[in-house]
Amino acid sequence: KNGWSVSLARVIGRDFENNRSFVIDKGTADGIAVGMPVILSGEVVVGKISGASYNTSKVTTIIDINSKIAATASEGKVSGLARGLGSDIIFDLIAKNKKPEIGSLIISSGTDGLWPRGLLIGKVKQVKSEDNQVFNSADIELLADFRDFNNVFVILK
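Remember, it's a predicted structure, so these values are computed and weren't measured experimentally.

Criteria and cut-off values
Residues numbered from 1 in each chain as written. Predicted model: local features only at pLDDT ≥ 70, side-chain atom pairs only at ≥ 80, totals over all residues. Heavy atoms only, no water. Helix = DSSP H or I, 4+ residues; strand = E, 2+ residues; numbered from the N terminus. Rg over C-alpha atoms; globule rule 2.2 N^0.38 Å. Buried < 20%, exposed > 50% of the residue type's maximum accessible area, 1.4 Å probe, protein only. Contact = heavy atoms within 4.5 Å. Areas by Shrake-Rupley, 256 points an atom, 1.4 Å probe, with all protein chains shown as cover. Pairing = 2+ DSSP bridges. Salt bridge = Lys/Arg side-chain N within 4 Å of Asp/Glu carboxyl O. Patch = residues over 30% accessible without salt bridge, like charges linked within 9 Å, V, L, I, M, F, W, Y side chains within 5 Å. Core = buried A, V, L, I, M, F, W, Y, C linked by side-chain atoms within 4.5 Å.

Caption draft 1: Quick peek at the overall build of the protein. Check the secondary structure of the protein and you find zero helices and 12 strands. Mapped from its N terminus to its C terminus, the protein presents α and β elements in the order β-β-β-β-β-β-β-β-β-β-β-β. The globule rule puts the C-alpha radius of gyration for 157 residues at 15 Å, and the 16 Å found for the protein is close to it. Taken along the three principal axes of its C-alpha coordinates, the protein extends 50 × 35 × 20 Å. Taking all 157 residues of the protein together, the buried fraction comes to 43%. Put simply, of all contacts in the protein between residues at least 6 apart along the chain, 55% involve residues at least 24 apart. Accessible surface, the protein: about 7,900 Å² in total, of which carbon and sulfur atoms supply 48%.

Caption draft 2: The arrangement of unusual backbone geometry in detail. Phi at Glu 43 is positive, roughly 60°, even though this residue is not glycine. Inspection of the secondary structure assignment puts Glu 43 in the loop between strand 3 (37-40) and strand 4 (44-52). Unlike most non-glycine residues, Leu 93 shows phi in positive territory, near 55°. Tracing the sequence through the fold places Leu 93 in strand 8 (residues 89-94).

Caption draft 3: A look at the pairing of strand 3. Side chains Pro 37 and Ile 39 of strand 3 all project onto a buried face; the interleaved residues Val 38 and Leu 40 project onto the opposite face, where all are buried too. When strand 3 meets strand 4, the two strands line up antiparallel, connected through four bridges. From the neighbouring strand, Leu 40 faces strand 4, where its bridge partner is Val 44. Following strand 3, the chain reverses through three residues before pairing antiparallel with strand 4; Gly 42 in that reversal takes a positive phi of roughly 85°.

Caption draft 4: Structural detail: the pattern of salt bridges. This model, assessed by the stated rule, comprises three salt bridges. A salt bridge links Arg 10 to Asp 25, with the shortest nitrogen-to-oxygen separation between them at 3.5 Å. Separated by 15 residues along the polypeptide, Arg 10 in strand 1 (residues 5-14) and Asp 25 in the loop between strand 2 (21-24) and strand 3 bring together distant segments of the chain. Since its relative accessible area comes to 25%, Asp 25 is described here as partly exposed.

Caption draft 5: View of a nonpolar patch on the surface. A contiguous nonpolar surface patch, about 290 Å² in accessible area, is contributed by Leu 93, Val 134 and Phe 135. On the accessibility criterion, Leu 93 (40% relative accessible area) is partly exposed.

Caption draft 6: Expanded view of the nonpolar core. Within the largest apolar cluster, 38 residues are counted, with the highest numbers of intra-cluster contacts made by Phe 22, Ile 121 and Val 152. With four residues, the single largest contributor to this core is strand 4. The contact partners of Phe 22, leaving out residues within four places of it in the chain, are Val 11, Gly 13, Arg 14, Val 38, Val 46, Ser 57, Lys 58, Val 59, Thr 61, Phe 149 and Val 152.

Written as structure tokens, this is what we have:
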């Protein structure tokens, strides 16, 4: 779909303590490289490859605090950054005069050159607009349950 080529991988190890990373059964021998996006079926973002050995790779999930994805609300009028908070995700750096609708889908915008456009990240739970803040932000409800999948797809680019 969308002209991406994907590789199906099985989850073979998990970090149960905080769901911020897991290990898959594909590696450099399968064309996997650090930085490649990892998704679930339905094009829901899970994370990206953060380490690759010959036949296994480590995936860091999007709730990790180092995770950042250029994102936009599905209506396309509100852009910002989907940022991991360690246990959750926030849609941040939204222009002060813009507010995403509650319930609208947040997708990758493709403008950071790292993530293809149109991957699903989550949906807007609550919008925060404070006078003393330069930007608006929104809490995001994740579409993936980070404890509950056995297979993922790596987008090979």
